[in-house]
Amino acid sequence: MNSPATYAEWAACCDRLLNTDADDDILAAMEGGHLEWTSGVAERITRRIYEVFDHKLKALAEEFHRDAAHSHGHETLLANSLLDIRKKLVPLARLAAMPAFPEVVRQSLKQSLLQFVERTQASLESSARTDRTGRLLDIVRRNRICLSEISALPRSGGQSDPHVPATSGTKQPRRVILT
């Protein structure tokens, strides 16, 4: 697939994202694309991007809710659902960081994604607290839906997540020494 350069090509990419599951190929092409952000084009393509983003996010939330409900508290199925949503958030993080978009659009999409992830994680932890054994809460915390592409994004107010270990530019978390 060729990288989009015109509004029509960008709109076609948006349509493909809405109607297919081949996100990686489409996103790769979009990441190499460019677009003149003139006044008429900017509003229309921004509206299309938000439409795609919202549609994908809602579909992902519905799928996760369905999968989590079908797990009926089974630990392995719940962990798989959590890992699956984390994996499926990666294309949305890529869309939110699209280089062809103006900074204000990228920041808005990233903020929406961060809010979704934070609300979902908080809701999962709150629901898991009702389990008397504490095993569900442990599973939810060990399989956080926050992914590195999203966690690395600046948070509102500049605060970091206390449950995610800090990293020093590597993929390995720093050791925490308890005294």
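Residues numbered from 1 in each chain as written. Predicted model: local features only at pLDDT ≥ 70, side-chain atom pairs only at ≥ 80, totals over all residues. Heavy atoms only, no water.

Engineer: Just to check I follow, could you spell out the nonpolar core for this structure?
Structural biologist: Looking at soluble globular proteins, one finds that nonpolar side chains tend to be buried together. Counting residues in hydrophobic clusters, the biggest one holds 40 residues, and the most contacted among them are Trp10, Met30, Phe53, Leu82, Leu89, Leu95 and Phe101. With nine residues, the top contributor of residues to this core is helix H4 (residues 75-96). (Core = buried A, V, L, I, M, F, W, Y, C linked by side-chain atoms within 4.5 Å. Buried < 20%, exposed > 50% of the residue type's maximum accessible area, 1.4 Å probe, protein only. Helix = DSSP H or I, 4+ residues; strand = E, 2+ residues; numbered from the N terminus.)

Engineer: I keep staring at the side chain of serine 81 and nothing clicks. Help me out?
Structural biologist: Mapped onto the fold, serine 81 is located in helix H4. The residues touching serine 81, leaving out its near neighbours within four places in the chain, are Phe64, Asp67 and Ala68. (Contact = heavy atoms within 4.5 Å.)

Engineer: Just to check I follow, could you spell out the environment of isoleucine 139 for this structure?
Structural biologist: One can find isoleucine 139 in helix H6 (residues 135-142). With relative accessibility at 4%, the residue isoleucine 139 sits in the buried group. Dropping the residues within four chain positions of it, isoleucine 139 is found in contact with Glu75, Leu78, Ala79 and Leu82.

Engineer: Explain the packing of H4 against H6 here, please?
Structural biologist: Geometrically, a packed helix pair is captured by the angle between its two axes and the distance between the axes. Two elements in contact, H4 and H6, have axes whose closest approach is 10 Å; the angle formed by their N-to-C orientations is 25°. Relative to H6, the element H4 lies roughly parallel. Relative to H6, H4 is oriented so that their crossing is right-handed. Along the contact surface, H4 presents Glu75, Leu78, Ala79 and Leu82, while H6 presents Arg135, Leu136, Ile139 and Val140. Among the residues making up the contact of H4 with H6, the classes are represented as six nonpolar, no polar and two charged. (Axes fitted to C-alpha atoms, helices over the stretch in contact; angles between N-to-C directions. Parallel < 35°, antiparallel > 145°, perpendicular 65-115°, else oblique. Left-handed = near helix turned anticlockwise from the far one by under 90°. Nonpolar A, V, L, I, M, F, W, Y, C, P; charged D, E, K, R; others polar.)

Engineer: I would appreciate a short explanation of the environment of arginine 48 in the present structure.
Structural biologist: By secondary structure assignment, the location of arginine 48 is in helix H3 (residues 39-71). Put simply, arginine 48 and cysteine 14 are 34 residues apart on the chain and 6.7 Å apart in space, counted from C-alpha to C-alpha. Beyond its immediate stretch of four places on either side in the chain, arginine 48 contacts Tyr7, Ala11, Cys14 and Asp15.

Engineer: Quick question: what am I supposed to make of the packing of helix H5 (residues 103-128) against H6 here?
Structural biologist: Running from N to C, H5 and H6 point in directions that differ by 160°, and their axes come no closer than 8 Å. The angle between the axes of H5 and H6 places the two elements in the roughly antiparallel class. H6 is crossed by H5, and the crossing has left-handed handedness. Across from Gln121, Leu124, Glu125 and Ala128 in H5, the residues of H6 making contact are Leu136, Leu137, Val140 and Arg141. Of the residues contributing to the contact of H5 with H6, the split by class is five nonpolar, one polar and two charged.

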